[in-house]
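One letter stands for each residue in the lines below.
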Amino acid sequence: MTSEVSKRESFSGKYGFIAAAAGSAIGLGNIWKFPYITGVHGGSAFILVYLICILLIGLPVMLSEITMGRRSQKGIFGSYKKLAPGTPWFFSGYMGIAAAFLILSFYGVVAGWTMEYVLKAIGGSFSGKTPDQINAMFESFIGQTLKPVFWQTGFMAFTGAIVIAGIKNGIEKYSKILMPVLLMILLLLCARSVTLDGASKGFEFLFKPDFSKLTREAILAALGHAFFSLSLGMGTLITYGSYLKKNENLVPLAIQITIADTVIALLAGIAIFPAVFAFGIEPTAGPSLVFVTLPNVFQHMPLGNFFCVLFFLLLFIAALTSSISILEVVVAHLVEDFNISRKPAAIAITIVMILFGIPSSLSFGSLSGLSVFGLSFFDLVDHIASNFLLPLGGLCIVLFVGWQLKPGDVKDELSNGGTIETGYLKIFLFLTKIVAPIAIAAIFFHGLKII
Ligand code: PFF
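For clarity, every value in this text was computed on a predicted model and none was experimentally measured. (Residues numbered from 1 in each chain as written. Predicted model: local features only at pLDDT ≥ 70, side-chain atom pairs only at ≥ 80, totals over all residues. Heavy atoms only, no water.)

S.K.: Help me out: how do you make sense of the overall build of the protein chain in this one?
M.R.: Scanning the protein chain from N- to C-terminus turns up 19 helices and zero strands. Over its C-alpha trace the protein chain gives a radius of gyration of 21 Å, about what one expects of a compact globule, namely 22 Å for 451 residues. The principal-axis extents of the C-alpha atoms in the protein chain amount to approximately 65 × 45 × 40 Å. Out of the 451 residues belonging to the protein chain, those deemed buried represent 58%. Sequence-distant contacts in the protein chain: of pairs separated by 6 or more residues, those separated by 24 or more amount to 83%. Looking at the protein chain as shown, the accessible area adds up to about 16,900 Å², and 69% of this sits on carbon and sulfur atoms. (Helix = DSSP H or I, 4+ residues; strand = E, 2+ residues; numbered from the N terminus. Rg over C-alpha atoms; globule rule 2.2 N^0.38 Å. Buried < 20%, exposed > 50% of the residue type's maximum accessible area, 1.4 Å probe, protein only. Contact = heavy atoms within 4.5 Å. Areas by Shrake-Rupley, 256 points an atom, 1.4 Å probe, with all protein chains shown as cover.)

And the structure:
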């Protein structure tokens, strides 16, 4: 075991892990998806359910993933196999691999949009435009066939290249410096947005709960998004936990990542909704919401164009630090379980993911007539991954850590072999064994109209 541990690369320290794990968590999910699904599902009541899911489900799942990863020193499959040899638990790893495929296929599409928007902002395309014109510009861009696919391919090529470079050189270097800058711009956007005329309606939408809007689908979407946003349910944090040194204290790490991710999402909401109402944009606009609203806010800011360029550039980088963590799950599986070397594995998977993402991209244009269960291809892929596979993957993870692992082993891992206090262990085990599994199952079956 020792030689295996020392052979495996590890993060250079606590900050490396936090940067990479927070880099994975903070991405398009916070800044693009959270506001758009909050808008679709009616605002504040949805946010409340989301926050409850983060606390009672997200946190225990996150800690369970990190615990599994560091204990086993493996990715999702290896982890199940090593910690419970000869049992079928590892089959649930296939859901994680499927989720990674599906998520990265559409994630690459939206991340590609951010690249186009960097160029648009550099060229000053938004200057002097009305909200309607900015909306039309977005619609006409995503409706095209080649351009969005070109950017999606470019984004995925970046992702593949970084994963090939390896864990330390690749992931750590890129996540460390840039996220605080994104936070600063988000704060500036919030300051501008909340001082626009007519902004107060946005506040009501965000903070005055209207429970009549809370449908079954909304509750399931809140659960699914808690998993999506925290990068949970498919083994990302198992893989990252496996690179974590044995003397790091896992609980504060999990709490810090969760807080950072949630704060960024809420700030994105505060930056967007006051402006949505001030500019008369529909809160239910869907995936276009951020791309249409924020260029308008930048128009009303000193140095707006400069900040607009910087914002979309940083959103692209935030997406990149998330996408590499998704690709890493699949690559680690091929490297560890099939002995394929890193480079060909990463190249092959990147290509397959690009191809699979093309119909998602086209679903805003030439395939917009195609609908399955009333959903576009893009929405269908997102639904299957976020609302089915991630919650089910997360359910397996908490059941595994709560019921399959010996409590003594969990305690040993969380207390670093008995060297640190674990007063919270009882709460963690209660959440992991009882609360999280029941809550996930209840929301899942309720969402599917089974209960
Ligand atoms: N958490 C990322 C985001 O919010 O953009 C997306 C993501 C990354 C989902 C990694 C799932 C995952 F395993």
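S.K.: Sorry if this is basic, but what is going on with a nonpolar patch on the surface here?
M.R.: Nonpolar side chains collect at one region of the surface, where Ile384, Phe388, Phe445, Leu448, Ile450 and Ile451 lie side by side and expose about 500 Å² of accessible area between them. By secondary structure assignment, the location of isoleucine 450 is in the segment after helix H19 (425-447). (Patch = residues over 30% accessible without salt bridge, like charges linked within 9 Å, V, L, I, M, F, W, Y side chains within 5 Å. Salt bridge = Lys/Arg side-chain N within 4 Å of Asp/Glu carboxyl O.)

S.K.: Just to check I follow, could you spell out the nonpolar core for this structure?
M.R.: The nonpolar side chains of a soluble globular protein tend to be buried, and buried together. Phe17, Trp32, Ile103, Trp113, Leu189 and Phe311 are the most contacted members of the largest nonpolar core, which totals 154 residues. Examining the composition of this core, we find that 19 residues originate from one element, helix H15 (residues 304-338), more than from any other. Setting aside residues no more than four positions away along its own chain, tryptophan 32 makes contact with Phe106, Val110, Trp113, Pro287, Val290, Phe291 and Phe378. (Core = buried A, V, L, I, M, F, W, Y, C linked by side-chain atoms within 4.5 Å.)

S.K.: What exactly am I supposed to notice about the layout of surface pockets here?
M.R.: Summary: where empty space remains is shown by rolling a probe the size of a single water molecule over the atoms. Taken as a whole, the largest pocket spans an internal volume of roughly 650 Å³. If you trace the largest pocket, you find 27 residues lining it, with His41, Leu375, Asp379, His383 and Asn387 closest to the centre. Of all the secondary-structure elements, those providing two or more residues to the lining of the largest pocket are helix H3 (28-40), helix H11 (216-229) and helix H17 (377-404). Sorting elements by how many residues they give to the lining of the largest pocket places H17 first, with eight residues. Considered class by class, the residues forming the lining of the largest pocket number 13 nonpolar, 10 polar and four charged. (1 Å grid on protein atoms, 1.4 Å probe; cavity = no way out; pocket = protein on both sides within 12 Å on 5 of 7 lines; lining within 4 Å. Points joined across faces, edges and corners; volume = space filled by probe spheres on them. Nonpolar A, V, L, I, M, F, W, Y, C, P; charged D, E, K, R; others polar.)

S.K.: I would appreciate a short explanation of the site of the ligand in the present structure.
M.R.: Near the ligand lie 15 residues; those nearest to it are Ala25, Gly29, Tyr107, Phe228 and Thr236. One nitrogen or oxygen atom from the main chain of leucine 28 is found 3.1 Å from an oxygen atom belonging to the ligand. The protein chains hide 100% of the 340 Å² of surface that the ligand would expose on its own. For the shell around the ligand, the secondary-structure elements that each account for two or more residues are helix H2 (14-25), H3, H11 and H15. A per-class count over the shell around the ligand returns six nonpolar, nine polar and no charged. (Near = heavy atom within 4 Å. Polar contact = N/O pair within 3.5 Å; in protein donor to acceptor, adjacent residues only side chain to side chain.)

S.K.: What am I meant to see in the pattern of salt bridges here?
M.R.: Proximity of charged atoms lets side chains of opposite charge pair with each other. With the rule as written, the count across this model stands at 10 salt bridges. A salt bridge links aspartate 409 to arginine 71, with the nearest nitrogen and oxygen atoms 3.8 Å apart. Taken together, the residues span a long stretch of sequence, with aspartate 409 in helix H18 (residues 407-414) and arginine 71 in helix H4 (residues 44-72) at a distance of 338 residues. You can call aspartate 409 partly exposed: its relative accessible area is 28%. Between arginine 342 and glutamate 328 there is a salt bridge, with its nearest N and O atoms 2.7 Å apart. Pair noted here: arginine 342 is in helix H16 (residues 342-362) and glutamate 328 is in helix H15, with a separation of 14 residues, a long-range link. Beyond isolated ion pairs, a larger network of salt bridges with shared partners links Arg70, Arg71, Lys246, Asp409, Asp412 and Glu413.

S.K.: For this particular structure, what's the right way to read the packing of aromatic side chains?
M.R.: For any two aromatic rings, the description comes down to two numbers: the centre-to-centre distance and the angle of the planes. The tally for this structure, following the rule as stated, stands at 35 aromatic pairs. Judged by centre distance (5.3 Å) and plane angle (85 degrees), the ring pair of tryptophan 113 and phenylalanine 138 falls under edge-to-face. Of this pair, tryptophan 113 sits in helix H6 (residues 93-122) while phenylalanine 138 sits in helix H7 (residues 131-142), and the two are 25 residues apart along the sequence. Judged by its relative accessible area of 1%, tryptophan 113 is buried. Overall, phenylalanine 138 belongs to the buried group, its relative accessible area being 0%. (Phe/Tyr/Trp six-rings, centres within 6.5 Å; stacked < 30°, edge-to-face > 60°.)

S.K.: Would you explain empty space enclosed by the protein in this entry?
M.R.: What the rule picks out here adds up to one cavity of 30 Å³ or more. In this structure, the largest cavity occupies an estimated 140 Å³ of space. Listed by contribution, the elements that provide at least two residues to the lining of the largest cavity are H2, H3, H6, H11 and H15.

S.K.: Quick question: what am I supposed to make of unusual backbone geometry here?
M.R.: Keep in mind that most residues, glycine aside, have a negative phi and that most peptide bonds are trans. For glutamine 73, which is not glycine, the phi dihedral falls at a positive 60 degrees. Inspection of the secondary structure assignment puts glutamine 73 in the loop between H4 and helix H5 (76-83). Positive phi, normally seen in glycine, also occurs at phenylalanine 373, with a value near 50 degrees. When you line up the elements, phenylalanine 373 lands in the loop between H16 and H17.

S.K.: So what exactly am I meant to see when it comes to the packing of H3 against helix H14 (residues 289-299) here?
M.R.: How two helices pack is summed up by the angle between their axes together with the distance between the axes. For the pair H3 and H14, interaxial distance at closest approach is 9 Å and the crossing angle is 105 degrees. Considering the angle they form, H3 stands roughly perpendicular to H14. Between H3 and H14, the contacting residues are Ile31, Trp32, Pro35 and Tyr36 on the first element and Leu289, Val290 and Phe291 on the second. Residue composition of the contact of H3 with H14, grouped by class: seven nonpolar, no polar and no charged. (Axes fitted to C-alpha atoms, helices over the stretch in contact; angles between N-to-C directions. Parallel < 35°, antiparallel > 145°, perpendicular 65-115°, else oblique.)

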